[in-house]
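# Chains, contacts and geometry: an overview
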Amino acid sequence: MSSESSIALTTLDVLQRPLQDLRISVTDRCNFRCPYCMPSEVFGERYAFLPKPEILRFEEIERLTRIFAQLGVRKLRITGGEPLLRAELPCLIERLAGIPGVEDLALTTNGVLLAQHAEALRAAGLVRVTVSLDALDEATFQRLSGRRAEVARVLDGIEAARSAGLAPIKINAVVIKGVNEHAVLELVDQFRGTGHILRLIEFMDVGTRNAWDRERVVSADEMLARIDAVYPLEPVAPARAGDVARRYRYRDGAGEIGIIASVSEPFCGGCTRARLSADGQLFTCLFGTQGYDLKALLRGTASDDVVRQRLREIWRRRSDRYSEERGELTMAQPSASGPAHSRVEMNRIGG
Ligand code: SF4
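Summarised in this report is the structure supplied together with it. (Residues numbered from 1 in each chain as written. Predicted model: local features only at pLDDT ≥ 70, side-chain atom pairs only at ≥ 80, totals over all residues. Heavy atoms only, no water.)

### Overview of the pairing of strand β1 (residues 21-25)
In the case of a regular strand, side chains alternate between the two sheet surfaces. Going by this rule: For every residue, the accessible area obtained with a 1.4 Å probe (protein chains only) is divided by the maximum for its type, and the residue is called buried under 20%, exposed over 50%, and partly exposed between those limits. Only DSSP runs of H or I with at least four residues qualify as helices, and only runs of E with at least two residues qualify as strands; both kinds are numbered from the N terminus onward. A strand pair is defined by DSSP finding two or more bridges across the two strands. Here a crossover is taken to be right-handed if, once the strands point away from the viewer, the path from the first strand over the helix to the second is traced clockwise.
Burial runs high along β1: 5 of the 5 residues are buried. The pairing of β1 with strand β2 (residues 75-79) spans 5 bridges and is classified as parallel. Each residue of the ladder has a partner; that of R23, found in β2, is R77. Once you follow β1 into helix α2 (residues 58-70) and on to β2, the crossover reads as right-handed. Of the strand pairs in this sheet, β1 and strand β10 (residues 273-276) are connected by 4 bridges, and their pairing is parallel. Following the sheet pairing, R23 is matched in β10 by R275.

Okay, structure coming up:
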C-alpha cells in the first residue's frame, strides 16, 4: 500500500483515534444465558429477538465492510449473541476475507458449536477465534452460562479450533467477585504451556441487565497478584496501539496471558473500535446508548459514496470515552456505578 493511500485511508475521531476495528454482530440470539450479558429471567422463552427481515443479509454486511475498509478498517471481529447460530456463516467469512485492506478476521464464540464448524470457518478464511470460558468446574460454569451445556463441549471446541489451524486462540474469562475468582488459577493451569492466550476480564456494567456493582469487580491488580504469587509474570509490550488487553508472560516460558481492565484502568484513549449490530445499527462505543441506522441507507437508494460520507461523518464526530468517564465519576462519588444512561445490551453488539 502506498503512503498517499494510507493517509487517505485514516479516519480520525474527535480524540484523534483512527477507525481501525469493526466488530460485526451477525445475530442477537444465543444458546447461552450468561447472567452478565443475557440473564435468563430477562431473555426468556417469550423474549422478542430480531425478526429475520430486520437482520442484515450477507451481501449487505459485505458492502458495508468494503466501505469501512476504504475508511481505514483493518481488523474484523464476528460476534453475536452467539455467531455460530447464524446459518451459512462460512459464506460470510469468505466474502469478508476477500475484501482489500482487511488484515485480520477473528470470531468470538462461547465455543459450544465450534467443534462442528472450525474446519469450514478456517477454510473460508477465518484467521483466529476467541472462546469465552469463565470457569472449569461444572457448577460454576453452569451458573455462568445459564445451564445450557457442559465445559467439555467448550474444551472440545477449543481443541477443534487448534487442529483446524485457527491461531492464536484466546480464552476470555469474565471474573466476578464471589462467583468465579477461584477459577482464575484453574484456568491458568489449564491453558499454561498450550499456546492459547488466557484473558481475564474485569466485570463491566455492559447493557442494563447485569446488576453490575463496583463491589463485585475483581481488579486487574488483584488477579495479577493471585497469579504472580504462583507463576511469576513479567509485562509484555502491546502488540498494537488500541489493543484492549494488558499483556504478560510467565517468567518460566509457559506462555502469555492478558488482562482486560476496563474498570480499573480504562483504555478509551486508544479505542479504535466501531460496532455493527445485527440489524444494521452502528455503535461507536460498547456502552453506547444510540446506534446510527445504516440499514435504511443500505436498503434505500444511497450510493457507496453517500454511505462512505455518512460513516466518515459519524466517526469524525465520535467522542466516546465511557470507561474513563465512569472512572472519573466514581473517583468523585465512590458509590456511583457509572454515567447513568441506558446502554445498548451486549447481545446486540457483542463484547
Ligand atoms: S468504553 Fe467505549 S470508548 Fe472506551 S474503550 Fe470501551 S468501547 Fe472504547
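Now that the structure is up, let's keep going.
### Focus on the packing of aromatic side chains
Where we set the bar: When the centres of two rings from Phe, Tyr and Trp lie within 6.5 Å, Trp using its six-membered ring, the rings pair. Their planes under 30 degrees apart give stacked, over 60 give edge-to-face, and anything left gives tilted. Charge-over-ring placement is defined geometrically: NZ (Lys) or CZ (Arg) within 6 Å of the ring centre, and within 35 degrees of the ring normal.
Applying the stated criterion across every chain yields a total of 5 aromatic pairs. On the basis of an interplanar angle of 80 degrees and a centroid distance of 6.1 Å, the ring pair of Y231 and Y250 is categorised as edge-to-face. In this pair, Y231 is assigned in the loop between α8 (220-228) and β7 (233-236) and Y250 in strand β8 (residues 246-250), connecting sequence segments 19 residues apart. Of the two residues, Y231 and Y250, both sit in the buried class. Grouping aromatic residues by their ring pairs yields a cluster made of F43, Y47 and F49. Stacked on the ring of F287, the Lys or Arg R326 has its end atom at 5.2 Å from the ring centre.

### Considering the site of the ligand
Put simply, the rule is: Only heavy atoms are used to decide nearness, and a residue is near a molecule or strand if one of them lies within 4 Å of it. Gly is placed with the polar residues, together with every amino acid not listed as nonpolar (Ala, Val, Leu, Ile, Met, Phe, Trp, Tyr, Cys and Pro) or charged (Asp, Glu, Lys and Arg).
In the neighbourhood of the ligand, the contacting residues comprise F267, C268, C271, R273, R275, C285, L286, F287, R318, D320, Y322 and S323. Of all elements in the fold, only β10 and α11 (322-332) reach the threshold of two or more residues within the shell around the ligand. For the shell around the ligand, the class distribution of residues is 7 nonpolar, 1 polar and 4 charged.

### Details of the environment of L92
Stated formally: Throughout, a contact is declared for two residues whenever any of their heavy atoms are within 4.5 Å.
Looking at the element boundaries, L92 is found in helix α3 (residues 89-97). Between the C-alpha atoms of L92 and L121, which are 29 residues apart in sequence, the distance is 9.6 Å. If we ignore the near neighbours within four places in the chain, the residues touching L92 are V26, F58 and I61.

### Overview of the sheet that holds β2
Read from one edge to the other, the open sheet built from 12 strands follows the order β7-β8-β9-β6-β5-β4-β3-β2-β1-β10-β11-β12, with strand pairing classed as mixed. Each having just a single partner strand, β7 and β12 (292-293) make up the two edges of the open sheet. Taken together, the 4 bridges between strand β3 (residues 104-109) and strand β4 (residues 128-132) define a ladder with parallel strand orientation. From the neighbouring strand, L107 faces β4, where its bridge partner is V129.

### Here we look at the packing of α2 against helix α10 (residues 304-316)
For any two helices packed against each other, one specifies the inter-axial angle together with the distance between the axes. Going by this rule: To get an axis, fit a line to the C-alpha atoms, keeping to the stretch in contact for a helix; angles then go from 0 to 180 degrees between the N-to-C directions. Note on angle classes: values under 35 degrees are labelled roughly parallel, values over 145 roughly antiparallel, values of 65 to 115 roughly perpendicular, and the remainder oblique. Definitions for this section: a left-handed crossing has its near helix turned counterclockwise from the far helix by less than a right angle. A right-handed crossing has that turn clockwise.
In contact at an axis separation of 10 Å, α2 and α10 are set at 60 degrees when each is read in the N-to-C sense. Viewed along their axes, α2 and α10 adopt a mutual orientation that is oblique. In the packing of α2 onto α10, the handedness of the crossing is right-handed. Facing R63, L64, I67, F68 and Q70 of α2, the residues of α10 in contact are D304, V307, R308 and L311. Class assignment for the residues of the contact of α2 with α10 results in 5 nonpolar, 1 polar and 3 charged.

### Notes on the pattern of salt bridges
Note the cut-off: Whenever Lys or Arg places a side-chain nitrogen within 4 Å of a carboxyl oxygen from Asp or Glu, that contact is recorded as a salt bridge.
Summed over all chains, the structure comprises 28 salt bridges. Of the charged contacts in the structure, one is a salt bridge between D13 and R17, with a shortest N-O distance of 2.6 Å. R246 is the partner of E265 in a salt bridge, and the nearest nitrogen-oxygen pair spans 2.3 Å. Residue E265 is found in the loop between β9 (256-260) and β10, and its partner R246 is found in strand β8; the two are separated by 19 residues along the sequence. With a relative accessible area of 32%, E265 lands in the partly exposed category. One continuous salt-bridge network, built from bridges that share partners, spans D13, R17, R318 and D320.

### Brief notes about the packing of α3 against helix α4 (residues 114-124)
Close contact between α3 and α4 brings their axes to 8 Å; oriented N to C, the two are set at 25 degrees. Of the possible angle classes, the one that applies to α3 and α4 is roughly parallel. As for the relative orientation of α3 and α4, their crossing is right-handed in sense. Residue-level contacts link L89, P90, I93, E94 and A97 of α3 to A120, L121 and A124 of α4. A breakdown of the residues in the contact of α3 with α4 according to their chemical character gives 7 nonpolar, no polar and 1 charged.

### Some thoughts on the environment of A237
Take A237: it is sitting in the loop between β7 and β8. Taking the C-alpha atoms as reference points, A237 and A183, 54 residues apart in sequence, are found 26 Å from one another.

### Here we look at α2
Just so we agree on the cut-off: Helix span is expected to be 1.5 Å times the residue number reduced by one.
For α2, spanning 13 residues, the distance from its first C-alpha to its last is 18 Å, which sits close to the expected 18 Å at 1.5 Å a residue. Turning to α2, its buried residues number three or more, namely F58, E60, I61, E62, L64, T65, I67, F68 and A69. Looking one or two residues beyond α2, the residue adopting positive phi is G72, at roughly 120 degrees.

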